[in-house]
Amino acid sequence: MAIPIHYTLSNFKSRKLTTAITIAGLALVVFVFAAVLMMAAGVEETLQATGEPENVKIVRKSANGEISSIIDGETQNIVQTLPHLAKGEDGGVLNSREPVVVINLTGEDGGFSNITLRGVSKGFGPMRPNVEIIDGRMFNPDLRELIVGEAIRSRFVDAQVGSTIDFAGNDWLIVGEFSAGGSGFDSELWCDASQMLDAFNRGNSVSTITLKLNQASDFEVFKTAFEKDQRLQQFQAQREQDYYGEQSEGLAGFIRVLGIFVTVIFSIGAMVGAMITMYAAVANRATEIGTLRALGFQRRSILVAFLIEALVIALAGGVIGVALATLLQFFSISALNFQSFSEIAFSFAMTPATVISSMIFAIFMGIVGGFLPAVRAARLSIIDALRG
Amino acid sequence: MSALIQVKNLSKSYWREKFEIPVLNNISLNIDAGEFLGLMGPSGSGKTTLLNMIAGIDKPSDGEVVVDGNVISGMSESQLAAWRANNVGFVFQFYNLIPVLNAFGNVELPLLLTKLSKAERQQQVETALRIVGLSDRIDHYPKQLSGGQQQRVAIARAIVTDPVILVADEPTGDLDKASAEEILALMERLNKEFEKTIVMVTHDPRAAESASIVHHLDKGDLVKEVVQ
Ligand SMILES: Nc1ncnc2c1ncn2[C@@H]1O[C@H](COP(=O)(O)OP(=O)(O)OP(=O)(O)O)[C@@H](O)[C@H]1O
Ligand SMILES: [Mg+2]
């Protein structure tokens, strides 16, 4: 039978400080680990929430982002003849032909950041029901006017309702602030598409077209018709949400790889800390180990008792680290999404997968840090241990 | 009938780097069941080493140790551990109680290696603590007890499994005179009343008086046997 668990737990009480410091070290690493995963999940959540399930986005196949996509006027007309497209009150196909560019804004800290500027067509309202004006008013489509997403207004001195921004040789007045329900659009500036095409001298070639289906389930039929059309071979149609979801993969993957690389390095420190603590525990309790062995406990019982001790420390560190990381959900940060070349604001998102991975990571550190000391304890000869 | 404990031509040396240090030289010794044997001798004469061999926590370099018909010097390490759990009670000079366990927890430890139920264990722990006169200290921790009381808890731990032999290495070595006498009286009672076979190492001639037979060791040789 094994050495009782309350023996393990009671030993913590007799060396509170070293145990607490070891737990704190492990908790810190788990916190950073969980924060990285939450960051990546936050990027995904934000971009996957961008767009409507009924909307279809048309882009040029060769483009790896909206700004590098170009769609000429003829193609814009062809796609509107495809089946299952929703119509507006005036009987025309609902569509938003959107030029997209990246402009520079001055941040609160004085540095520059890239911001996506999107021109939207006059009838975009029914296609983007989640977009609402929360301050000021909608832009006038006949004027050089802008509305600003709620996630960027607080971060850029230039981006205030009432201020003007200078680009494409014109002064643009910000007349309102909009909310797009926490999605990626909240990190953008919007204006009227034709004002933008005019200012940038782009004729009528836009970056993307967004169309609305009668029902989300019509997509497969629509896509088949789209792909059959010889004139549309250079373009691709995707659900709007899938398109933005894919845009998140690069950034989320980058955060994960870099972040996990950093935490793995940190974790070496925490594991060495746990190892030192456990080696000290073994050295301090040599006589105890010798006594238990003399009484008839097997080597493996000693091994297990010390491994459990390391695991309990690791679990405590894991729980505290995850609990602290949970608090990060109240913070929102921004990062450059290199797929769209512009900043995106997002929140840390705690997911069950993050909790599980973080705890597995903590347990892993406990086992690695505790293993060698536990082996040392189990290998002590009884008489050497009893001599102290 | 053969003796309970038979030490046959036992030699032991330790290796320090490349030098062999002989500690025990060809020792033979029989201990009958119910005997209270004292081992005396100068420091470094090999008393502890011989005791460890009899208790099965060290192995001879040559010769064998047979206890109750079992050749313990030939057992594997895990067989030996199981054998000790069932057959040997240990009493150490510095008590060696587990500081984070109370008297009950310490005495219960050897029973965790048996198949006894929780209730049976509790009953045996209480009996052992009653025999050593510490029923009222069952939930005290080692640091809340005097040296003599700690040694009595250690004796309770040694007898709780009702082992065949008790081994004690200077059990009074760390105690004042009054406590030492209490412990010796207790050991004598365990020997007479409970018929425990005891092997006790001691420096103290007064302690040796409790034993029924005393063997003297000098530089690894048995030099004298005194029957009392
Ligand atoms: N594990 C060991 N490795 C090397 N030498 C040892 C070891 N254990 C004991 N010795 C040596 O063996 C000799 C006898 O030691 P032992 O502990 O048996 O003596 P002792 O009679 O019990 O002495 P004391 O009265 O001081 O306790 C000593 O010289 C000691 O240094
Ligand atoms: Mg000794």
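Residues numbered from 1 in each chain as written. Chains lettered and ligands numbered in written order. Predicted model: local features only at pLDDT ≥ 70, side-chain atom pairs only at ≥ 80, totals over all residues. Heavy atoms only, no water.

Chemist: I'm lost on the overall build of chain A in this one. Help?
Modeler: Across its full length, chain A holds eleven helices and 13 strands. Here chain A has a C-alpha radius of gyration of 29 Å; the compact-globule value for 388 residues is 21 Å, and the former is much larger. Oriented by its inertia axes, the alpha-carbon framework of chain A measures out at about 95 × 50 × 30 Å. Looking at chain A residue by residue over its 388 residues, the buried ones come to 51%. Total accessible area on chain A is roughly 16,900 Å²; 60% of this is exposed by carbon and sulfur atoms. (Helix = DSSP H or I, 4+ residues; strand = E, 2+ residues; numbered from the N terminus. Rg over C-alpha atoms; globule rule 2.2 N^0.38 Å. Buried < 20%, exposed > 50% of the residue type's maximum accessible area, 1.4 Å probe, protein only. Areas by Shrake-Rupley, 256 points an atom, 1.4 Å probe, with all protein chains shown as cover.)

Chemist: Looking at this structure, I do not really get the environment of Ile134 of chain A. What am I missing?
Modeler: Note that Ile134 of chain A resides in strand β5 (residues 132-136). On a C-alpha basis, the gap between Ile134 of chain A and Ile367 of chain A in space is 53 Å, while along the polypeptide they are 233 residues apart.

Chemist: Honestly, helix α8 (residues 286-295) of chain A in this entry has me stumped. Any pointers?
Modeler: An α-helix turns once per 3.6 residues; consequently, residues spaced three or four apart project the same way. Residues and elements named next belong to chain A. The buried fraction of α8 is high, at nine of ten residues. Along α8, the residues classified as buried are Ala286, Glu288, Ile289, Gly290, Thr291, Leu292, Arg293, Ala294 and Leu295. With its phi angle positive at about 120°, Gly296 sits one or two positions after the end of α8.

Chemist: What is the right way to look at the nonpolar core in this model?
Modeler: One recurring pattern in soluble globular proteins is that nonpolar side chains are buried together. The biggest cluster of nonpolar side chains holds 43 residues, and the ones touching the most others in it are Leu292, Phe306 and Met365 of chain A together with Leu109 of chain B. Elements represented by at least two residues in this core include exactly α1 (5-13), α2 (16-48), α7 (240-284), α8, α9 (299-326) and α10 (352-379) of chain A. Counting residues per element, this core draws most heavily on α2 of chain A, at nine residues. Residue contacts for Leu292 of chain A: discarding those within four places in its chain leaves Ile3, Tyr7, Phe297 and Ile302 of chain A together with Ile98 and Leu109 of chain B. (Core = buried A, V, L, I, M, F, W, Y, C linked by side-chain atoms within 4.5 Å. Contact = heavy atoms within 4.5 Å.)

Chemist: Any chance you could explain the sheet that holds strand β4 (residues 62-67) of chain B here in plain terms?
Modeler: Strand pairing in a sheet relies on backbone hydrogen bonds. The paired strands run either parallel or antiparallel. All names here are of chain B. Spatial strand order, β2-β1-β4-β5: four strands in an open sheet with antiparallel pairing. Two strands lie at the open edges of the sheet, namely β2 (19-31) and β5 (70-71), each paired on one side alone. Relative to β2, strand β1 (residues 5-16) runs antiparallel, the two being bridged by nine bridges. The partner of Arg16 across the bridge, within β2, is Phe19. Strands β1, β2 and β4 of the sheet are contacted by helix α1 (residues 47-55), whose axis makes an angle of about 120° with β1. (Pairing = 2+ DSSP bridges. Axes fitted to C-alpha atoms, helices over the stretch in contact; angles between N-to-C directions.)

Chemist: Looking at this model, I keep getting lost on the domain arrangement of chain A. Mind explaining?
Modeler: All names here are of chain A. Looking at the assigned domains, one finds that chain A contains domain 1 (5-48 + 249-387) and domain 2 (62-233). On the domain 2 side, the residues contacting the eleven residues of domain 1 number 14 residues. Where domain 1 abuts domain 2, roughly 850 Å² becomes buried across the two surfaces, and 50% of that area is made up of carbon and sulfur atoms. Counting across the domain 1 and domain 2 interface gives zero salt bridges. If you look at where domain 1 meets domain 2, you find one residue pair in polar contact (both at pLDDT 80 or more). When contributions to the side of domain 1 that touches domain 2 are tallied by element, the ones reaching two or more residues are α2, β12 (332-337) and β13 (342-347). When the residues that make up the side of domain 1 that touches domain 2 are grouped by side-chain class, the tally is five nonpolar, five polar and one charged. (Domains from an automatic or database assignment. Buried area = accessible area lost by both parts, 1.4 Å probe. Salt bridge = Lys/Arg side-chain N within 4 Å of Asp/Glu carboxyl O. Polar contact = N/O pair within 3.5 Å; in protein donor to acceptor, adjacent residues only side chain to side chain. Nonpolar A, V, L, I, M, F, W, Y, C, P; charged D, E, K, R; others polar.)

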